[in-house]
Number of protein chains: 2
Amino acid sequence: MTDFKKLSEQECRKIKEDLLQRYREFQSRRLTLDMTRGKPCSEQLDLSLGMLDGDIGKAYLAQNGLDCRNYGGLDGIPAAKSLFAAYMQVEPDELILGGNSSLNMMHDTILRGMVKGMMNGATPWSQLPKVKFLCPSPGYDRHFFICEYLGIEMIPVDMLEDGPDMDQIEEFVAGDELIKGIWCVPQYSNPTGVVYSDNVVERLANMQVRAKDFRIFWDNAYAVHHLVDKPRPLKNILVACKEAGNPERALMFGSTSKISFAGAGLAMMAGSQINMEWIKNQMAFQTIGPDKLNQLRHVLFFKDIEGIMAHMKKHAAILKPKFDAVQDILERELEGKNIARLSKPQGGYFVSIDTMEGCAGAVVKKAADAGVKLTPAGSTYPYKNDPLDRNIRIAPSFPPLENVQAAMELVAICIQIVSIDKISA
Amino acid sequence: MTDFKKLSEQECRKIKEDLLQRYREFQSRRLTLDMTRGKPCSEQLDLSLGMLDGDIGKAYLAQNGLDCRNYGGLDGIPAAKSLFAAYMQVEPDELILGGNSSLNMMHDTILRGMVKGMMNGATPWSQLPKVKFLCPSPGYDRHFFICEYLGIEMIPVDMLEDGPDMDQIEEFVAGDELIKGIWCVPQYSNPTGVVYSDNVVERLANMQVRAKDFRIFWDNAYAVHHLVDKPRPLKNILVACKEAGNPERALMFGSTSKISFAGAGLAMMAGSQINMEWIKNQMAFQTIGPDKLNQLRHVLFFKDIEGIMAHMKKHAAILKPKFDAVQDILERELEGKNIARLSKPQGGYFVSIDTMEGCAGAVVKKAADAGVKLTPAGSTYPYKNDPLDRNIRIAPSFPPLENVQAAMELVAICIQIVSIDKISA
């Protein structure tokens, strides 16, 4: 392959002509493919159908005689708390089971921080002149949207190979009392697929923080969502924070949205007992308790953490060919051309492409014009503003394999066309 | 029966001796009965078990091809919106389906009011010097708890036979811009069982209100929870508000908690399209959507509004003997003695007793000492403060009939003893 930046004008023209020919062929196929949402495909959802056929109609009594159909159980039934404490690698009294959405639990936690403060005695954030969050970027758009919605100022932090740039973070949090939190997707980070190194986790747990009510929002959405047999383990942030003498610093979140059903799974949060009590005392004003029958369904279906791990291997078997197709096609088309860098995630739901600077928006538009919808450029940055206009997020899980293949070929063509235009401009 | 207040000292002594004898007999039975929570009994929950045995495992696709197992559907699937719009007597685009808790939707609506304001352009309540709510009392404790939690000042309003005292309400809201809301349980009001008259509904819809962002929190929790065959109809508050030119004034709430499963039902809210858009635009930051499989379960099980109405007749058949027992025993024991007034609800979940002034707390304590737990005295008033210390809330739905009977006999005995002590003091 040839470095595009070293091509002669004539070579450029020739290559672009070929690419435009291929692009027009795609246009004539009138595709309508959606690569925007990291949602499970139908085959993945089928894996959990047994949960709905089960004997829950007769099994509504949890082991301790609690009728799961009735009111009660603010933080979950014991059997489900036990299972998902193992999943989150915490103690059952460090866990709260919620409804079907971990986003909901994060949102509510921050909203309570605004109105009531993040801990006993802390000033409600809405009474401060300003509240700021650190946002490792590229990151998860819905995290950023919560901040924007609530007027929380977002400070971008660079994502490196092993997690966010800790030098930047340490400097920020040591000096500014108004920095109250940081968003982290520590395993298979959205969208880069980065797994935080032990060193990064340690530094997050140990760093000197000016704000006493600073919280790490540890959205471990893909904790068991591996594509490889021997995944790199992630250090437990709660344990690290306890060892560092900062037990209240970490709030962990997770869900079974991409384990059982995306719309009907279980959400959960975890943290120190003090934090969980603080949250539960406030949740008691909000609800009598979450859907315990759905908790029971999950317990009856998965049985134990080994059941979950075995189940996730089936997900991986469905997802891996799609992720492989993304890698294979993009590498085949782009390798050596010096116009894009590609993430190689070992799990999670996304592949991240960094194009040349100033090209991402144009690529997304060009793909859309030929029928392939990608996540809008910029979405992975605070305020939807990718300052270098280069990050593109690919979500290969939902479409059938042949659509992933077609979409990726088109994306590769678009990247090349836009890059050539940029180089020759 | 003899008016206790006209008894001679000797008669008093004699009657009290008999009562104490009966009370001691109760104590010797070492009962542990809980009459505090308005939750369905096991037989009621059995009525909906078919919902869990159903063919949902194969029926996860809603009519429009939406996969209910996956993400999406912020305000509900079309089939469920259609069914529950009929239930709430609104249009489908005036309805939002939530998770399993209408309390949760009320709480979140008010919390958003605090942080973002109640409508486009309105000042967030947390930025005002104070926010006040009108609280018809006795009322629902969890409504009052939300206000107390958020520092919203509660102003009690008297409950009359046909709803809250509208003269008081109209005077309050016309003069005070900081009064931003009122709590209403318009049908079978908790705990009095009062059904708001058409006149009250009309006056609520038409009254002059100083605060432009004033909202009626219309918690119609017992809309179809009748104990009689021909219930008095409740006027539709949304229609009334529209006709009055105040379409945004009413926010309606409901749930199937006491139709299907108390812990795994569907919650909903309804109001003008403008209000629903305002809420949905904010909900979009909080969640991708509620549990659609549970919506589908409800649609498959109930089919249509007639299905719900037929189902509620089965609930009534279970509940009515318990409510009858409460009436029969309390009337038999107390009638003519001029020491207590009893509500005679035609639906809902509670019976309300007004004792002589200053007696409720002592009655609840005395019942507890003999093993019958009642809702703490004062709970039905803002700040748990019943100024006349006379209201007792009875929740007969959950315990078996014989326990309801035993508990009521004991309560009647306690009321008589405490009243005699009061009279002779």
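Definitions and limits used
Residues numbered from 1 in each chain as written. Chains lettered and ligands numbered in written order. Predicted model: local features only at pLDDT ≥ 70, side-chain atom pairs only at ≥ 80, totals over all residues. Heavy atoms only, no water. Core = buried A, V, L, I, M, F, W, Y, C linked by side-chain atoms within 4.5 Å. Buried < 20%, exposed > 50% of the residue type's maximum accessible area, 1.4 Å probe, protein only. Contact = heavy atoms within 4.5 Å. Buried area = accessible area lost by both parts, 1.4 Å probe. Salt bridge = Lys/Arg side-chain N within 4 Å of Asp/Glu carboxyl O. Polar contact = N/O pair within 3.5 Å; in protein donor to acceptor, adjacent residues only side chain to side chain. Nonpolar A, V, L, I, M, F, W, Y, C, P; charged D, E, K, R; others polar. Helix = DSSP H or I, 4+ residues; strand = E, 2+ residues; numbered from the N terminus. Pairing = 2+ DSSP bridges. Axes fitted to C-alpha atoms, helices over the stretch in contact; angles between N-to-C directions. Parallel < 35°, antiparallel > 145°, perpendicular 65-115°, else oblique. Left-handed = near helix turned anticlockwise from the far one by under 90°. Right-handed = clockwise from strand over helix to strand, strands pointing away.

## A word on the nonpolar core
Right, on to step 1. In terms of nonpolar packing, the biggest core is built from 227 residues, with A:Leu204 and B:Leu204 touching the most fellow members.
Right, on to step 2. Residues contacting A:Leu204, with those up to four places away along its chain left out, are A:Met166, A:Ile169, A:Ile182, A:Cys184, A:Tyr196, A:Ile216, A:Trp218, A:Ile237 and A:Arg249.
Right, on to step 3. One finds A:Met105, A:Ile146, B:Met114 and B:Phe133 within the second-largest nonpolar core, a separate group that totals 63 residues.

## Comments concerning the interface of chain A and chain B
Right, on to step 1. Contact with chain A, which involves 52 residues of that partner, is made by 53 residues of chain B.
Right, on to step 2. With both chains or domains summed, chain A and chain B bury close to 4600 Å², and 55% of this area falls on carbon and sulfur atoms.
Right, on to step 3. Per-residue buried area on chain A facing chain B is highest for A:Arg69, A:Tyr71 and A:Tyr149; these three make up 18% of the total on that side.
Right, on to step 4. For the interface between chain A and chain B, the tally reads zero salt bridges.
Right, on to step 5. Our count for the chain A to chain B interface comes out at 18 residue pairs in polar contact (both at pLDDT 80 or more).
Right, on to step 6. Class assignment for the residues of the side of chain A that touches chain B results in 23 nonpolar, 15 polar and 14 charged.

## Some thoughts on the pairing of strand 9 (residues 267-270) of chain A
Residue and element names in this part refer to chain A.
Right, on to step 1. Residue alternation in strand 9 divides its side chains into two sets, Ala267 and Met269 and Met268 and Ala270, and both sets are buried.
Right, on to step 2. In this structure, strand 2 (residues 95-97) lies alongside strand 9, joined through three bridges in antiparallel fashion. Bridge assignment links Leu97 to a residue of strand 9, and that residue is Met268.
Right, on to step 3. Where strand 8 (residues 250-255) meets strand 9, four bridges bridge the pair, whose relative direction is antiparallel. Bridge pairing in strand 9 links Ser255 to Ala267.

## Notes on the sheet that holds strand 5 (residues 163-164) of chain A
All names here are of chain A.
Right, on to step 1. A sheet is described by the order of its strands in space; here eight strands give the open sequence 2-9-8-7-6-3-4-5, paired in mixed fashion. Looking at strand neighbours, the two that pair on one side only are strand 2 and strand 5, the edges of this open sheet.
Right, on to step 2. Bridging between strand 3 (residues 132-137) and strand 6 (residues 179-184) involves three bridges; their strand directions are parallel. Counterpart to Leu134 in the pairing with strand 6 is Ile182.
Right, on to step 3. Where helix 7 (residues 166-175) meets the sheet, it contacts strand 3, strand 4 (153-160), strand 5 and strand 6, and its direction lies at approximately 150° from that of strand 4.

## Thoughts on the packing of helix 5 (residues 102-116) of chain A against helix 5 (residues 102-116) of chain B
Right, on to step 1. Direction vectors running N to C along helix 5 of chain A and helix 5 of chain B enclose 50°, while the axes themselves pass 10 Å from each other. Viewed along their axes, helix 5 of chain A and helix 5 of chain B adopt a mutual orientation that is oblique. Between helix 5 of chain A and helix 5 of chain B the crossing geometry is left-handed. Touching A:Asp108, A:Leu111 and A:Val115 of helix 5 of chain A are B:Asp108, B:Leu111, B:Met114 and B:Val115, all from helix 5 of chain B.
Right, on to step 2. A class-by-class count of the residues in the contact of helix 5 of chain A with helix 5 of chain B yields five nonpolar, no polar and two charged.

## Overview of the pairing of strand 6 (residues 179-184) of chain B
Residue and element names in this part refer to chain B.
Right, on to step 1. Of all six residues in strand 6, six are buried, a share of seventy percent or more.
Right, on to step 2. Of the pairings in the sheet, the one linking strand 6 to strand 7 (residues 215-219) comprises four bridges and is parallel in character. Residue pairing across strands places Trp183 opposite Phe217, the latter belonging to strand 7.
Right, on to step 3. Traced from strand 6 through helix 8 (residues 198-206) to strand 7, the parallel crossover comes out right-handed.

## As for the sheet that holds strand 13 (residues 391-394) of chain B
All names here are of chain B.
Right, on to step 1. In spatial order, the strands read 10-11-13; together these three strands make up an open sheet with antiparallel pairing. Each of the sheet's edge strands pairs with one partner strand only, and the pair in question is strand 10 (340-342) and strand 13. Looking at each pair of strands side by side, their axes are set apart by 20° on average, direction ignored.
Right, on to step 2. With four bridges joining them, strand 11 (residues 351-355) and strand 13 adopt antiparallel strand pairing. Looking at strand 13, one finds that Val351 is bridged to Ile394.

## Observations concerning the pattern of salt bridges
Right, on to step 1. Following the criterion strictly, the structure yields 43 salt bridges over all chains and no others.
Right, on to step 2. For B:Glu277, the salt bridge goes to B:Lys280, with nearest N and O atoms at 3.4 Å. Of this pair, B:Glu277 and B:Lys280 both sit in helix 10 (residues 273-286), three residues apart, which is roughly one turn of the helix.
Right, on to step 3. We classify B:Glu277 as partly exposed; its relative accessible area is 39%.
Right, on to step 4. Residues joined by salt bridges that share partners form a network here, namely A:Arg22, A:Arg332, A:Glu333 and A:Glu409.

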